[in-house]
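# Working through the structure, step by step
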Amino acid sequence: MALGSKKTGFLVIVLALAGAPAQALDFPARHNHWRGGCAGILSIDADGIAFRQVRAKKQPHAWRWTWDAVQQFELGDDRRVRVLTYQDRALALGRDRDFDFRSRVMDQRLVARMNVPGQRLQWEIPVKRLRRNGGVIGRLRVYEDRIVFAASASGQSRTWRDSDIELVSSDSPFRLLLVTHEKNGRFDFQLRHRLEPPRYEALWLRLESGRGLRLLNEPARPGRP
């Protein structure tokens, strides 16, 4: 059973090989199951996903899934990781088997190179991402918990949760800069329509308040020339 269009609180990433890392990424993780859980290493590479338990007293848990064996891969804002497979659960009337993990660091290193919509779209605007070797046309979409760049070119889209963004700034109604945790994570957008100040200011305040900004009296408004 695929999740289909079911709404969840997760950042749902339907994986493709174009978005998989060329080299293996290893993360300390805990496998959650009905008898409490176990500690191990979660690995992601171009071929698939694997988990191996460490310091096991008996036979350790160890699994390996190739990408074509994975229906969905979910990374939650609470650092929860879920792997939904095509395996049937014999004791659950054929329901597809899933594996639930919790990682302390994966949300800092995994890059969502695709368009993953949120639950409530606040606004969107046509943009061009400026790059040294040519720009990329797309649409910038602001949801209540994330920002999505839906690019027209394959492999150029991005999805950032609020916690993935270090800085947002704008020096004119037709430019927007996002700095993210991604390596070389500077995204300079030329806006093809004017971005109204209330929208920009609301986004700036949301991201800054998420980093612990304390607002006194009236909200501070970032200046623009």
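Before going into details, it helps to say that this report is about the structure given with it.

Parameters at a glance
- Residues numbered from 1 in each chain as written.
- Predicted model: local features only at pLDDT ≥ 70, side-chain atom pairs only at ≥ 80, totals over all residues.
- Heavy atoms only, no water.
- Helix = DSSP H or I, 4+ residues; strand = E, 2+ residues; numbered from the N terminus.
- Buried < 20%, exposed > 50% of the residue type's maximum accessible area, 1.4 Å probe, protein only.
- Pairing = 2+ DSSP bridges.
- Axes fitted to C-alpha atoms, helices over the stretch in contact; angles between N-to-C directions.
- Contact = heavy atoms within 4.5 Å.

Note that Thr159 resides in strand 12 (residues 158–161). The class of Thr159 is buried, set by a relative accessible area of 3%. Taking the C-alpha atoms as reference points, Thr159 and Arg141, separated by 18 residues in sequence, lie 9.5 Å from one another.

The subject of this paragraph is the pairing of strand 14 (residues 175–180). Of all 6 residues in strand 14, 5 are buried; the element is thus mostly enclosed. Looking at chain direction, strand 13 (residues 165–172) and strand 14 are connected through 5 bridges and run antiparallel. Residue Val168 lies in a different strand from strand 14, and its bridge partner there is Leu178. Linking strand 13 to strand 14, which pair antiparallel, is a turn of 2 residues. Relative to strand 15 (residues 186–191), strand 14 runs antiparallel, the two being bridged by 5 bridges. Counted as the bridge partner of Leu177 is Asp188 from strand 15. Between the antiparallel neighbours strand 14 and strand 15 lie 5 residues, among them Asn184 with a positive phi of about 55°.

Another aspect to go through is the sheet that holds strand 14. With respect to topology, 7 strands assemble into an open sheet ordered 12-11-10-9-15-14-13, the strand pairing being antiparallel. Strand pairing shows two members of the sheet lacking a second neighbour, strand 12 and strand 13, which therefore form its edges. Across the sheet, the mean angle separating the axes of adjacent strands is 30° when strand polarity is ignored. Packing of helix 2 (residues 197–210) onto the sheet brings it into contact with strand 9 (121–130), strand 10 (136–143), strand 11 (146–151), strand 13 and strand 14, and relative to strand 13 it is tilted by some 155°.

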